[in-house]
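For reference, the chains in residue letters:
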Amino acid sequence: MKPSILRRAVLAGAIATSSMIGITAATPAHAQFGGIVYDPTNYAQNVLTAARSLQQINNQIQQIQNQATSLINEARNLATLPFSSLQQLQQQVQRTQQLLGEAQRIAYDVQSVQQVFDGRYKGAALTGTHAQMVANANARWEDSVGAFEDALRVQAGVVGNIDGARTTMDGLVSSSQSATGALQAAQAGNQLLALQSQQLADLTAAVAAQGRAQALQSARQAAEEAEGRERFRRFMGN
């Protein structure tokens, strides 16, 4: 009887001990330091929450940096070119126009050309009195001399603009290469086109002045031939 009762008591104690161990393992571990209770599970959750918050802050910082970079690029694209050659190009064109406007005797005007030719190069101007024919011949000679002088002056002005065009081109090329945005590059390109337009205007002026001189010279020669025939006719008639 006593051994059986003892075995039952030992078995009951083992079962109770096992139950207490299971309960202890299921309950989170706690530690107490100076009155502060340390909970590992709560601590791990706090660390995880802090890490997620830090990641969100990093993402927001990156977004702000991207927006700042975008604004800087937009500002560069909207920045104007610090170099402008417009005034210099306009001055060169105005000098060439001034030279053309100073044309001697026969201006670059359709009505003026028509009046001069009617008065000195054809019609009654070639069949008037001897004194009139001599006066018209002298006027035509002065027209030709003045036209060739005008052509030389225009050509000298065009050549004088070459150095200014070279300086302008160097500045524009340097500005375009150092352009920080699309607007600056476009403005540099537009100014290069303006420089080409100015050079074409100078070339047109030089060709026009030279053509004017040659045209007056040819007209003078034709008028002299007509006058020669008229003098011969009068001589034969006399």
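Going by an unreviewed UniProt entry, the chain carries the name Conjugal transfer protein TrbJ and comes from Sphingobium baderi.

If you look at the biggest cluster of nonpolar residues, it comprises 17 residues, and the most contacted ones within it are Tyr121, Val154 and Leu216. Looking at this core, the elements with two or more residues in it are α5 (130-177) and α6 (182-237). When residues in this core are grouped by element, the largest group, 8 residues, is from α6. Not counting residues up to four positions away in its chain, the partners in contact with Val154 are Leu99, Leu100, Ala205, Ala206 and Ala209.

Turning our attention to the side chain of Thr96. The topology assignment puts Thr96 in helix α3 (residues 86-101). Here Thr96 falls in the buried class, since its relative accessible area comes to 7%. The contacts of Thr96, once residues within four sequence positions are left out, are Asn161, Asp202 and Ala205.

To continue, consider the packing of α3 against α5. Relative orientation of the contacting elements α3 and α5 amounts to 175°, with a least axis distance of 10 Å. It follows from the interaxial angle that α3 and α5 lie roughly antiparallel. Facing α3, whose interface residues are Gln88, Leu89, Gln92, Arg95, Thr96, Leu99 and Leu100, α5 presents Arg153, Val154, Gly157, Asn161, Gly164, Ala165 and Thr168. The residue inventory of the contact of α3 with α5, partitioned by class, reads 5 nonpolar, 7 polar and 2 charged.

Scoring rules and cut-offs
Residues numbered from 1 in each chain as written. Predicted model: local features only at pLDDT ≥ 70, side-chain atom pairs only at ≥ 80, totals over all residues. Heavy atoms only, no water. Core = buried A, V, L, I, M, F, W, Y, C linked by side-chain atoms within 4.5 Å. Buried < 20%, exposed > 50% of the residue type's maximum accessible area, 1.4 Å probe, protein only. Helix = DSSP H or I, 4+ residues; strand = E, 2+ residues; numbered from the N terminus. Contact = heavy atoms within 4.5 Å. Axes fitted to C-alpha atoms, helices over the stretch in contact; angles between N-to-C directions. Parallel < 35°, antiparallel > 145°, perpendicular 65-115°, else oblique. Nonpolar A, V, L, I, M, F, W, Y, C, P; charged D, E, K, R; others polar.

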